[in-house]
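Reading the structure
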Amino acid sequence: MQPFQIHRPSSVAEALAALRGAGEGKLLAGGQSLIPVMKLDLAEPTDLVSLAGIDALRGIRSEGGRVVIGAAVSHAEVEASPDVAAAIPALARLAGAIGDAQVRNRGTLGGSVAHADPAADYPAALVGLGATVVTDRREIGADSFFTGLFETALVEDEIVTAVSFPVPERAAYAKFPNPASKFAIVGVMVAATGQGVRVAVTGAGPSVFRVAEMESALADGFRPEALDGIAVSSDELFGDGDASAEYRAHLVGVMARRAVAECA
Amino acid sequence: MPTIALTLTLNGKQVSAEVEPNTLLVDFLREGRGLTGTHVGCDTSQCGACVVLAGGRSVKSCTMFAFETEGLEVVTIEGLAPAVVGGELHPMQAAFREHHGLQCGFCTPGMVLSAVDLVRRHPNPDEAQVRHWLEGNICRCTGYHNIVKAVQAGGGGGS
Ligand SMILES: Cc1cc2nc3c(=O)[nH]c(=O)nc-3n(C[C@H](O)[C@H](O)[C@H](O)COP(=O)(O)OP(=O)(O)OC[C@H]3O[C@@H](n4cnc5c(N)ncnc54)[C@H](O)[C@@H]3O)c2cc1C
Ligand code: FES
Ligand code: FES
């Protein structure tokens, strides 16, 4: 692994200054995506800025119909949070099915959304629930946050500080996981919200996407059968050793129906 | 790259050392401290042979830098039971022995430390909880059945 310098800021402002002063600076959160990538020399930062000492990025709070989760909150903390379980149980269950116990102990919400792995679970939660990503300088709606394969709307030195989730009327997440890594081959979050029904799909294509046809069918009747006959095109979907594009397209329908059934 | 000072509590003793920023925790333990009970079974962060406790939680020491344990308490398999020659095993180690939860033993240190983390949070896990929790600990020998029994017994939930 390439050598690098470390920085241990205790505030977001200090972290930003460290990033700006670095040649090729990278934030280090749980390290569960970054360290594997660095071990393969696929990322070679000159400087790592650890977020571990920044208290402002921790904590989960419920306020005015929303649950706000700090960027450095681990998947295990989301899974175990009474606030999350009470307001958005689907989110607690999603976090509890990420990777394995040790990945959940270290990996964080902010790291997952910034990394934007096409098979990650949280992107489906953010888009499915209509969440807002809060950064050191602005707020970004989930619909415009995930822009492509490992790509987000974040600019070079932007730091995610929290994600704010509106509490849905009901929601559920169904995942068909890779049996080894637990990453989603296809994962679907379905939510009935005050603003309508949302259906968000992860794992199937280069970036999380919504399925408008399913959303309007569910708006007319929130039942699994409402999705009968709706086919998702396999054109833009991944095909690999795990599943062909056609199979992924089929799984989107199956996972969506399971999620709706679970909401009932 | 200059080294950095690291101070942690390792298996109950305060330890100070100089490490490179890019030293992985597992390399610090095995090469820096001679604690070779922590194993490396993959380079994809998936096998769990390297699991140790850091700050009371099970972590993959191959997917954490040594510097991230600054100020933390780290426990490896060598430190789980009190260091007394011929002394008693930790209840989880004893349960693995009693229930034949190991064959070659390669996965065992990680299994045991992962299991200790589970039963601290859920003292009486059911079989499904144990199997879900051990998702990140791969065993090539046992078929898991006896490991599950051992973990349930080691947590105090029946035998
Ligand atoms: C074996 C294994 C299985 C896994 N299985 C799953 C799974 O089933 N589902 C799933 O969703 N994920 C899975 N993951 C990925 C895991 O969830 C990671 O924890 C997550 O993708 C990254 O979070 P992190 O905190 O570890 O981030 P890091 O690895 O520390 O960072 C990832 C990237 O995000 C950047 N970053 C971190 N924090 C911020 C911030 N606050 N603002 C801006 N940028 C930031 C970093 O600079 C880096 O580029 C798995 C990982 C492993 C090793
Ligand atoms: S060595 Fe395989 S997970 Fe750490
Ligand atoms: S006992 Fe041999 S790998 Fe588990």
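Above this text you will find the structure in question.
Sequence order sets the numbering: in each chain, residues are counted from 1 along the sequence as written. Whichever chain is written first is A, and whichever ligand is written first is 1; the rest continue in order. Predicted model: local features are reported for residues with pLDDT of at least 70 only, side-chain atom pairs are reported and counted for 80 or more only, and whole-chain, interface and lining totals are derived from all residues. To obtain the side-chain values, all non-hydrogen atoms of the structure were included, while hydrogens and water were left out.

1. Comments concerning the site of ligand 1
Residues and elements named next belong to chain A. The line we're drawing: We call a residue near a given molecule or strand whenever any one of its heavy atoms falls within 4 Å of it. In protein, a polar contact requires one atom able to donate a hydrogen and another able to accept it; more generally it is a pair of N or O atoms within 3.5 Å, and residues adjacent in sequence count only if both atoms are side-chain atoms. Computed with the Shrake-Rupley method and a 1.4 Å probe, the accessible areas treat only the protein chains shown as cover for residues. The numbering of helices and of strands both runs from the N terminus, where a helix is a DSSP run of H or I of at least 4 residues and a strand a run of E of at least 2. Only Asp, Glu, Lys and Arg are considered charged, only Ala, Val, Leu, Ile, Met, Phe, Trp, Tyr, Cys and Pro nonpolar, and every remaining residue, Gly among them, polar.
If you check the shell around ligand 1, you find 34 residues, and the closest are L27, G31, S33, L34 and T108. Backbone polar atom of K182 to an oxygen atom of ligand 1: 2.8 Å apart, as the coordinates give it. Relative to its free-state accessible area of 980 Å², ligand 1 is covered by the protein chains to the extent of 95%. Here the shell around ligand 1 takes 5 residues from helix 7 (residues 109-115), the largest share from any one element. Residue classes in the shell around ligand 1 are distributed as 13 nonpolar, 15 polar and 6 charged.

2. Considerations on the side chain of E215 of chain A
All names here are of chain A. Stated precisely, the cut-off is as follows: Accessible area is worked out with a 1.4 Å probe on protein chains only. A residue is then buried under 20% of its type maximum, exposed over 50%, and partly exposed in between. Throughout, a residue-residue contact means that at least one pair of heavy atoms, one from each residue, lies within 4.5 Å.
Structurally, the position occupied by E215 is in helix 10 (residues 212-220). A residue is classified by how much of its surface remains accessible, and E215, at 10% relative accessible area, is buried. Sequence-distant contacts of E215, defined by excluding residues within four places in its chain, comprise V197, R198, V199 and R210.

3. Focus: helix 6 (residues 145-154) of chain B
Of all the residues in helix 6 of chain B, the buried ones are I147, V148, A150, V151, A153 and G154 of chain B. With its phi angle positive at about 95°, G156 of chain B sits one or two positions after the end of helix 6 of chain B.

4. Some thoughts on the pairing of strand 1 (residues 4-10) of chain B
Residue and element names in this part refer to chain B. Rules: At least two DSSP bridges between two strands are needed for those strands to be called paired.
Only one face of strand 1 is buried: it carries I4, L6, L8 and L10, and the other face, with A5, T7 and T9, is open. Summarising the sheet, strand 1 and strand 2 (residues 13-19) pair through 7 bridges and their orientation is antiparallel. Looking across to strand 2, one finds that L10 is bridged to K13. Between strand 1 and the antiparallel strand that follows it, strand 2, lie 2 residues; N11 among them carries a positive phi value of about 50°. Note: strand 1 against strand 5 (residues 73-75), 2 bridges, orientation parallel.

5. Some words on the interface of chain B and chain A
We apply this condition: Using a 1.4 Å probe, buried area is obtained as the accessible area two parts lose upon being combined, added over both of them. By definition here, a salt bridge exists when the distance from a side-chain nitrogen of Lys or Arg to a carboxyl oxygen of Asp or Glu is within 4 Å.
If you look at the interface, chain B gives 28 residues, while chain A gives 31 residues. Considering only the side of chain B, the residues that lose the most area to chain A are T63, F65 and F67 of chain B, jointly responsible for 21% of the buried surface there. For the interface between chain B and chain A, the tally reads 3 salt bridges. Linking K60 of chain B and D100 of chain A is a salt bridge whose minimum nitrogen-to-oxygen distance equals 2.6 Å. For the side of chain B that touches chain A, the secondary structure elements donating two or more residues are strand 1, strand 4 (57-60), helix 4 (108-121) and helix 5 (127-133) of chain B. The element contributing the most residues to the side of chain B that touches chain A is strand 4 of chain B, with 4 residues. A per-class count over the side of chain B that touches chain A returns 12 nonpolar, 9 polar and 7 charged.

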